Amino acid sequence: LRASRRQSTPPGLSVEGRTYRPDEWMNTPPSILSAVSRRLHLQPNHPISITRQLIESRFPDYKYHNDLFPIVTTHQNFDSLDFPPDHPGRSRTDTYYINQSTVLRTHTSAHQADTFRANQSSGYLISADVYRRDAIDRSHYPVFHQMEGAKTWDRSNFSPYPSLTEAIWADVAAIPAHGVAVEDPNPTIHPERNPLQTEFHSAGEVEAIATHLKRSLEDVVVAIFSAARAAAATSGAVVSPDSITEEPLKVRWVEAYFPFTSPSWELEVFWQGDWLEVLGCGVVKQSILNNAGVPNRLGWAFGLGLERIAMLLFNIPDIRLFWSRDERFLGQFAAPASFEKGKDPGLARFVPYSKYPACPKDVAFWLPASSTPPARNSSPTAPSAAGGLLPASSSTAVHENDIMELVREAAGDSVEDVRLIDSFTHPKTGRKSLCYRINYRSLERTLTNEEANTLHERVRELLVGRLGVQLR
Ligand code: FA5
Ligand code: MG
């Protein structure tokens, strides 16, 4: 009896002493769970940790939360932030679930409501590891780090100013001005999707909050840029020049949409010939503050990608490098003695060690006929037309993220990127064929062609075994 009962109940999953009960929603592989203990944002001389401290130094009066546990409820990650029930972010193709109501947080905003509720200070920063099923390339990794920031003001307490709006403008005036050209400081906001919350905030309050938000974040980017330039100057000719150090800094604001802020923006930085999104932000939806038990407060929030900023700061070319335990990487970074405002932190830029040869290999296959959808994609919440759904017949529902994850499972960090290079539909049968190019390249050594073949063979086997494709 005991044995059969043990069989019918899934075993508990223990992560750092906390126990969870996986169910049929579980889609988190062991390789992802093993990242939980790494805490790169707290490793003393790690570039992610140095980047965190440099940004924290621009917000000296804020409260810092750096050890919030990554496994959260779907309520924290989605519901508390007003995500609609059919939001694609809830899908098992995008998010790592432990069970139906437990996920690896997909963003630091998962802690917004709880932190507002605790209301320990008017400003806070949360730095943490976050987890997403996503593409494979040099700027995407299934585990990365975000910093969340928020600042709120109390409606019932704005003395010595005559109004809350004037109190906020006084705080704006305390942020140092910068000389950087902002290409689009005030993009057009579309009130249908980004209403001004006029039932809660006056136009003057929103303008003051938005200005404080933008100035605070421009100040961060300018500080990062100055530190990067100073580092490049001391590193001299050993590092290759990049657009951050060779050209004047260019930033712009773009309208964005989040379920939990309105209006919302993204900040982009011009980098290596293109605009790179570094953060999302906006005026906090009043319903979130009201539900968190602080209806008298109003303010802004942002979430930025620490890897994106660290790549700009240190000129790090590949996001996989952050996970390296190789001394040739880790040995290059040292936290400065102080992060004093207005003082150069004296950082050094990353000097690449030799780049090992790439070993590209293609795999072409027919997607399964629509009558046999793979079982692991039968999530009850999968939206019918999520971005990333492959152009197969609609009911086949092989998601590109499933292919990405399978490649990671087979070949881990030996894959630099995965790209769809061809797709076509057979004119008679209507079946879809896809061809992906997988670029095998280790950051640490040369892969022999034989090793790459072994990895590629494993990918091919998993594609057939898991997704039911037919290799061509
Ligand atoms: C968010 O995650 C929102 N929670 C941000 C936010 C917070 C908005 C508070 C408003 C108020 P987004 O998915 O765009 O938004 O991610 C935020 C940043 O994380 C991006 O701008 C980018 O810098 C970084 N990022 C996103 N996905 C990845 C990835 N796969 N790898 C590395 N960095 C990423
Ligand atoms: Mg974004």
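- Per an unreviewed UniProt entry, the protein chain goes by the name Phenylalanine--tRNA ligase, mitochondrial and belongs to Coniosporium apollinis.
- Looking at the protein chain in UniProt, the text filed under Catalytic activity (unreviewed entry) is "tRNA(Phe) + L-phenylalanine + ATP = L-phenylalanyl-tRNA(Phe) + AMP + diphosphate + H(+)".
- Per UniProt, the protein chain carries the Function (unreviewed entry) text "Is responsible for the charging of tRNA(Phe) with phenylalanine in mitochondrial translation."

## Re the site of ligand 1
Phase 1: What surrounds ligand 1 is a group of 25 residues, the closest being His 107, Ser 109, Gly 280, Gly 303 and Gly 305.
Phase 2: Elements that contribute at least two residues to the shell around ligand 1 include exactly strand S8 (143-154), strand S10 (261-271), strand S11 (274-284), strand S12 (297-305) and helix H10 (306-314).
Phase 3: With six residues, S11 is the largest single contributor of residues to the shell around ligand 1.
Phase 4: A breakdown of the residues in the shell around ligand 1 according to their chemical character gives nine nonpolar, 10 polar and six charged.

## Some remarks on the sheet that holds S12
Phase 1: Spatial strand order, S3-S7-S8-S12-S11-S10-S9: seven strands in an open sheet with mixed pairing. The sheet is open, and its two edges are formed by strand S3 (63-65) and strand S9 (251-258), each paired on a single side. Averaged over all pairs of adjacent strands, the angle between their axes in this sheet comes to 20°, without regard to strand direction.
Phase 2: On top of the sheet, helix H3 (residues 47-56) reaches S3, strand S7 (123-131) and S8; it is set at about 15° to S8, its chief contact.

## Let's talk about the domain arrangement of the protein chain
Phase 1: Taken domain by domain, the protein chain holds domain 1 (6-330) and domain 2 (359-471).
Phase 2: Computed over C-alpha atoms, the centres of domain 1 and domain 2 are 31 Å apart.
Phase 3: Taken together, the residues that form the side of domain 1 that touches domain 2 break down as seven nonpolar, three polar and 11 charged.

## Examining unusual backbone geometry
Phase 1: Omega for the peptide link from Ser 159 to Pro 160 comes to 10°, which places this bond in the cis form.
Phase 2: Along the chain, Pro 160 falls in the loop between S8 and helix H6 (164-173).
Phase 3: Note the cis peptide between Ser 262 and Pro 263, where omega equals -5°.
Phase 4: Secondary-structure assignment places Pro 263 in strand S10.
Phase 5: Here Arg 39, not a glycine, exhibits a phi torsion of approximately 45°, which is positive.
Phase 6: Considering the arrangement of structural elements, one finds Arg 39 in the loop between helix H2 (30-33) and H3.
Phase 7: Using a count of 18 C-beta atoms within 10 Å as the deciding quantity, one classes Arg 39 as partly exposed.
Phase 8: Phi angles above zero are rare outside glycine, and Asp 82 is one such case at about 70°.
Phase 9: On the secondary structure map, Asp 82 appears in the loop between helix H4 (74-77) and strand S5 (97-99).

## Quick look at helix H13 (residues 449-467)
Phase 1: The terminal C-alpha atoms of H13, which comprises 19 residues, lie 26 Å apart, in line with the 27 Å expected from a rise of 1.5 Å per residue.
Phase 2: The inward-facing, buried residues of H13 abut strand S13 (359-366), helix H12 (400-411) and strand S15 (432-440).
Phase 3: With its phi angle positive at about 65°, Gly 468 sits one or two positions after the end of H13.

Parameters at a glance
- Residues numbered from 1 in each chain as written.
- Chains lettered and ligands numbered in written order.
- Predicted model: local features only at pLDDT ≥ 70, side-chain atom pairs only at ≥ 80, totals over all residues.
- UniProt positions renumbered as here; feature names shortened; annotations may be inferred.
- Near = placed C-beta within 6 Å.
- Helix = DSSP H or I, 4+ residues; strand = E, 2+ residues; numbered from the N terminus.
- Nonpolar A, V, L, I, M, F, W, Y, C, P; charged D, E, K, R; others polar.
- Pairing = 2+ DSSP bridges.
- Axes fitted to C-alpha atoms, helices over the stretch in contact; angles between N-to-C directions.
- Contact = placed C-beta atoms within 7 Å.
- Domains from an automatic or database assignment.
- Buried ≥ 20, exposed ≤ 12 C-beta atoms within 10 Å, placed from the backbone.
- Expected span 1.5 Å × (residues − 1).

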